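# Geometric and topological summary
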Amino acid sequence: MLDAIATAPAREHVIVALDCGSDEALRLAGQLEGRARWVKVGMTLYYACGPSIVRALKEHGFKVFLDLKLHDIPHQIEGAAASAAASGADMLTFHTLGGVDMLRAGVEGAHEGAARAGTECPVTLGITVLTSMTDASLARIGFERTAAAQVELLGGVAAEAGIDGVVASPHEAAALRAQLGPAAYVVTPGVRPVGADRGDQNRVATPAQAFAQGASHIVIGRPITQATSPIDAFEQVCAQLA
């Protein structure tokens, strides 16, 4: 994975988050087609449109990071992952707090769904600690560890379950890279270009900082999608990484 980062164009590792309605998502897709390689479909968009939005974005030539953060009993997660994989998603997320058995069921379901659809199995990723959370907000819900320590523990859960990688803030990327090795996917939301509003994100970094810390892919939404020119904003991010 680290070799791929070093040799592939930056735009191959920048995921544009389409956290909006379907009309806006397709408008942005039309603008970014041929420039961005990856887009993210989260709960807002998927719950409104279902699997059809994944297929529509694939028709525009994008790889789709389907970020549903699946978390339930293993039986439910196996079925949900199979359905998500059958839609054509290229990446799929699960909460590592669901535990090893749940994550393994998710991987099995992803393989089943991809085989049924005749597509490649999506990259499976474990959500560690949301980038909106801090040590204080974790403590309020009963976690005694710091965010960094909790991410490390959950990274170990992901590795034990045999999934392809993790999602964490750029602050933990270096430790996760050391823990999981060069082949793992380390996908980092909470990325903001210099001078951008951090919004509801807390553990943030610039695109260059995230990759320097060991990220394989970065996720950027509002700084691109809400810019006056999303194309210019996307190209500026890529230029910073060239």
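Heads up: these notes are all about the structure in this document. These figures come from a predicted structure and were not determined experimentally. (Residues numbered from 1 in each chain as written. Predicted model: local features only at pLDDT ≥ 70, side-chain atom pairs only at ≥ 80, totals over all residues. Heavy atoms only, no water.)

### Here's the deal with the side chain of Thr-225
Note that Thr-225 resides in helix H11 (residues 222–225). Discounting residues that sit within four places of it in the chain, Thr-225 has contacts with Val-16, Ala-17, Leu-18, Glu-24, Leu-28 and Pro-230. (Helix = DSSP H or I, 4+ residues; strand = E, 2+ residues; numbered from the N terminus. Contact = heavy atoms within 4.5 Å.)

### So, the sheet that holds strand S4 (residues 91–95)
Pairing is parallel in the closed barrel, where eight strands are placed in the order S1-S2-S3-S4-S5-S6-S7-S8. Neighbour to neighbour, the strand axes of the sheet diverge by 25° on average, direction disregarded. Relative to strand S3 (residues 63–70), strand S2 (residues 38–41) runs parallel, the two being bridged by four bridges. Paired with Lys-40 across the strands is Phe-65, a residue of S3. Against the sheet, helix H4 (residues 51–59) makes contact with S2 and S3, and its axis sits at roughly 160° relative to S3, the strand it touches most. (Pairing = 2+ DSSP bridges. Axes fitted to C-alpha atoms, helices over the stretch in contact; angles between N-to-C directions.)

### As for helix H6 (residues 100–117)
At 3.6 residues per turn, the α-helix brings residues three or four places apart onto the same side. Its 18 residues place the ends of H6 26 Å apart at the C-alpha level, agreeing with the 26 Å of an ideal helix rising 1.5 Å per residue. Among the residues of H6, Val-100, Met-102, Leu-103, Ala-105, Gly-106, Val-107, Gly-109, Ala-110, Gly-113 and Ala-114 are the ones counted as buried. Summarising the contacts, the buried residues of H6 are in contact with S3, helix H5 (74–86), S4, strand S5 (123–127) and helix H8 (147–161). Once H6 ends, the next one or two residues include Gly-118, with phi positive near 75°. (Expected span 1.5 Å × (residues − 1). Buried < 20%, exposed > 50% of the residue type's maximum accessible area, 1.4 Å probe, protein only.)

### Quick notes on the packing of H8 against helix H9 (residues 173–180)
With their axes 10 Å apart at the nearest point, H8 and H9 run at an angle of 35° to one another. As H8 packs across H9, the resulting crossing turns out to be right-handed. Of the residues in H9, those touching H8 at Val-151, Glu-152, Gly-155, Gly-156 and Ala-159 are Leu-176, Gln-179 and Leu-180. (Left-handed = near helix turned anticlockwise from the far one by under 90°.)

### Concerning the pairing of strand S1 (residues 14–17)
Side chains Val-14 and Val-16 of S1 all project onto a buried face; the interleaved residues Ile-15 and Ala-17 project onto the opposite face, where all are buried too. In the sheet, S1 pairs with strand S8 (residues 217–220) via three bridges, with the strands oriented parallel. Within S8, the residue paired with Val-14 across the bridge is Ile-218. Here S1 pairs with S2 via three bridges, running parallel. Across the sheet, residue Ile-15 finds its bridge partner in S2, namely Trp-38.

### Regarding unusual backbone geometry
Phi at Lys-69 is positive, roughly 50°, even though this residue is not glycine. Summarising the element assignment, Lys-69 is placed in strand S3. By relative accessible area, which is 22% here, Lys-69 ends up partly exposed.

### Let's talk about the pattern of salt bridges
Between side chains of opposite charge, pairing is possible as soon as their charged atoms come close. Counted under the stated rule, the structure contains eight salt bridges. For Arg-27, the salt bridge identified is with Glu-24, shortest N-O distance 2.6 Å. One end of the pair, Arg-27, and the other, Glu-24, are both in helix H2 (residues 22–32), three residues apart, so they sit about a helical turn from each other. Residue class for Glu-24 comes out partly exposed when judged on its relative accessible area of 30%. The shortest N-O distance in the salt bridge between Asp-90 and Lys-58 comes to 2.8 Å. Here Asp-90 is found in the loop between H5 and S4, whereas its partner Lys-58 is found in helix H4, with 32 residues between them in sequence. According to the relative accessible area criterion, Asp-90 is buried, its value standing at 19%. (Salt bridge = Lys/Arg side-chain N within 4 Å of Asp/Glu carboxyl O.)

### Brief notes about the packing of H5 against H6
Where H5 meets H6, the axes come as close as 6 Å, and the angle between the chain directions of the two elements is 35°. The handedness of the crossing between H5 and H6 is right-handed. When H5 is examined against H6, the residues Pro-74, Ile-77, Glu-78, Ala-81, Ala-82, Ser-83, Ala-85 and Ala-86 are found in contact with a partner set consisting of Asp-101, Met-102, Ala-105, Gly-106, Glu-108, Gly-109, Ala-110, Glu-112, Gly-113, Ala-114, Arg-116 and Ala-117.

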